[in-house]
Amino acid sequence: MVDGPIDLSVRLGTLALANPIMPASGTFSEELARVFDLDLLGAFVTKTITREKRSGNPTPRVAETASGMLNSIGIPSKGLANFLDEIVPAYRAFQQPLVASISANTPDEFAQLCADVSVPGVAAIEVNISCPNLEEDGRAFAMRPESTLSAMQKLRAASDKPLWAKLTPNTGEIAEVAAAAEAGGADAVVVANTILAMKIDVHTRRPSLGNIMGGLSGPAIKPIVVRMAYQCARAVSIPVIGCGGIATAEDVVEYLLAGCAAVQVGTATFLHPTAMTRIIDDLAAYCRANGVAAVRDLVGAVETGPLARTDELLAQVY
Amino acid sequence: MTLSPKTVHADTASPFPVGEHVCRVVSNEAVNDQYRLMELAAPAPALTAEPGQFFHLLCPQAGADAPFFRRPMSIYRIDRVQGRLGFLYKETGSGTRAMATLRPGDDFNIVGPLGIGFSLPPDRAPIVLLARGVGLATLAPLAQAAAAAGNPVTALFSARDPAYLMSLDYMADQGAEVLTVTDSEGTSDPEQVERRLRELHAAGRMEAIYTCGSNRLMLLAQRLANTFAIRGEVAMEQQMACGLGMCFCCVRAFRTAEGIEHRRVCNEGPVFDLKEALSW
């Protein structure tokens, strides 16, 4: 037990957060301020911004799976001008850092957009290099270390803001990609985006999504992404931000133990709009009950040595 | 089991109008062989709901049914005196099948009220409600609101069979004149419905029209609203994930002065200007 207040603060490079809980891009907007005080969060992450307006993919854009959500929204965006003129000013009403998520079709367009969103009021930029690179036949930048490195170098040269590289779980070499992002100048890596997946309606014989394939999120993917976060945390010395299937404070602790310095919560907010604030409260309660005075003490604290007592493990399982 | 409804986060006096409410099921009975009516004891912030708004329902796991998302559902009845919310629904999939297993006394987690509801015309102008199938449920609370505001109501309800024409007595109790058409009686084809609507307009009983539940009826209502230059509104449905405007899953296309525009049913709707709608 801890008697005094629990220190939930974490540090991501130069950026200090009041707590390690923030929303995942695309699952958050200022509309959530109708439900709770947004300043309870560690940071705000915008929907992905593109330079031009985009209307997104055909409907249906979403389907449910066993403990998961399949989506192909298609990054609808109101464009850069709307972000600068409307979104950034709207967040002046709040205290916590604003993280701008951005995406573009080529490394040069990406770098230019990165420069254009590097304005006062934006604390960090999440570069969504999980999106397709049109110069590589639509393959996402973060599929390979080489394309990750060259994209990150251009992004780094374009901005002095902290840059977070959002990685895709659809690569077979995520640790190498994370290391390439670090070598290219990323200040943190976000592990990870959604997993490419598909569902077919057996009555209509049609794909459940208008775009045929989509990204899987939710509790269904959590063990896969915890593994990736663990691998990335061992491969880089910059902070890793875990993102994938977090619905409870226990899920957060798992990611922290795996080596993440902070986490993003996405799909859970769709089921419980107050999921993030509940998780923050429960995380403090976990720390208190387990003698953890500062939540950052959990980061990377997973025990991987030989198991001393099998009976203790069995007691946990049953 | 909770004995009284409670609110997880919001309250009326707070700046947070949308809340996650754990309500108690008061009743959940079949009204015919297709539809059920669920009544919930709801806390005060949930009862601020207006006709046309919806709640996002966390359906339970029940047997093989494990609905992952919440299910959006329009409000069928708002009783602020008794503290009750009513939902009229059809068992069509895993969410509504699971919902049908709830018993009086069970908890039911709902998020809302959400979205933008109907608006009535000023000066006690007479209105027509045009609904088919489960669209009746969405328009029913508007009859109550119109009665309170002094707008005379004519309800023209369409169904496959007279057995599926629900809440006619309730509408009549609200002072609405109720007209019914059905497929089985051969009275529901668009030509006959159009004739009835034109008669209503000629008789000065249709200064605004509200519709829900059928693409054919929506297109008819849209055409007549344009012809007579009257206000029209349509309540739409779409598959949703968040219900709060964050995910952009529930968009539909609308015709505006600037061209085709996608709008979120959860946030800009579910009630839209009839003139701009493209399909129900």
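Everything below is about the structure shown above.
Note that this is a predicted model, so its numbers are computed, not measured.

**Remarks on the overall build of chain A**
Inference 1: The secondary structure content of chain A amounts to nine helices and 16 strands.
Inference 2: Taken across its 318 residues, chain A has 53% of its residues classed as buried.
Inference 3: Of the contacts formed within chain A by residues at least 6 apart in sequence, a portion of 69% connects residues at least 24 apart.

**Digging into the environment of B:G243**
Residue and element names in this part refer to chain B.
Inference 1: Secondary-structure assignment places G243 in the loop between β13 (231-235) and β14 (251-256).
Inference 2: Judged by local crowding, G243 falls into the buried class, with 28 C-beta atoms found within 10 Å.
Inference 3: In sequence terms G243 and V271 are 28 residues apart; their C-alpha atoms lie 14 Å from each other.

**As for the sheet that holds strand β12 (residues 188-191) of chain A**
Adjacent strands of a sheet pair through backbone hydrogen bonds, lying either parallel or antiparallel.
Inference 1: Pairing in this open sheet of eight strands is parallel, and the strands run β3-β16-β15-β12-β11-β8-β7-β4 (chain A) from one edge to the other. Among the strands making up the open sheet, the edge pair consists of β3 (21-23) and β4 (44-45) of chain A.

**A closer look at the nonpolar core**
The nonpolar side chains of a soluble globular protein tend to be buried, and buried together.
Inference 1: The biggest cluster of nonpolar side chains holds 191 residues, and the ones touching the most others in it are A:A165, A:V189, A:V191, A:A229, A:C260 and B:L129.
Inference 2: If near-sequence neighbours (up to four positions away) are discounted, A:C260 is found in contact with A:A229, A:A233, A:V240, A:I241, A:G242, A:Y255 and A:V299.

**Points about the sheet that holds strand β16 (residues 271-273) of chain B**
Residues and elements named next belong to chain B.
Inference 1: What the six strands build is an open sheet, ordered β11-β10-β9-β12-β13-β16; its pairing is mixed. Strands with a single pairing partner mark the edges of an open sheet, and in this sheet they are β11 (177-182) and β16. Neighbour-to-neighbour, the strand axes of the sheet open up by a mean angle of 20°, direction not taken into account.
Inference 2: Pairing analysis gives five bridges linking strand β9 (residues 127-132) to strand β12 (residues 208-212), with the strands arranged parallel. Of the residues in β12, the one forming a bridge with L130 is T211.
Inference 3: Helix-sheet contacts for helix α2 (residues 135-149) involve β9, β10 (153-159), β12 and β13, and the interaxial angle to β9 is about 160°.
Inference 4: Along the sheet face, helix α4 (residues 190-202) touches β9, β10 and β11 and points at about 180° away from the line of β10.

The rules we used
Residues numbered from 1 in each chain as written. Chains lettered and ligands numbered in written order. Predicted model: local features only at pLDDT ≥ 70, side-chain atom pairs only at ≥ 80, totals over all residues. Helix = DSSP H or I, 4+ residues; strand = E, 2+ residues; numbered from the N terminus. Buried ≥ 20, exposed ≤ 12 C-beta atoms within 10 Å, placed from the backbone. Contact = placed C-beta atoms within 7 Å. Pairing = 2+ DSSP bridges. Core = buried A, V, L, I, M, F, W, Y, C linked by C-beta atoms within 7 Å. Axes fitted to C-alpha atoms, helices over the stretch in contact; angles between N-to-C directions.

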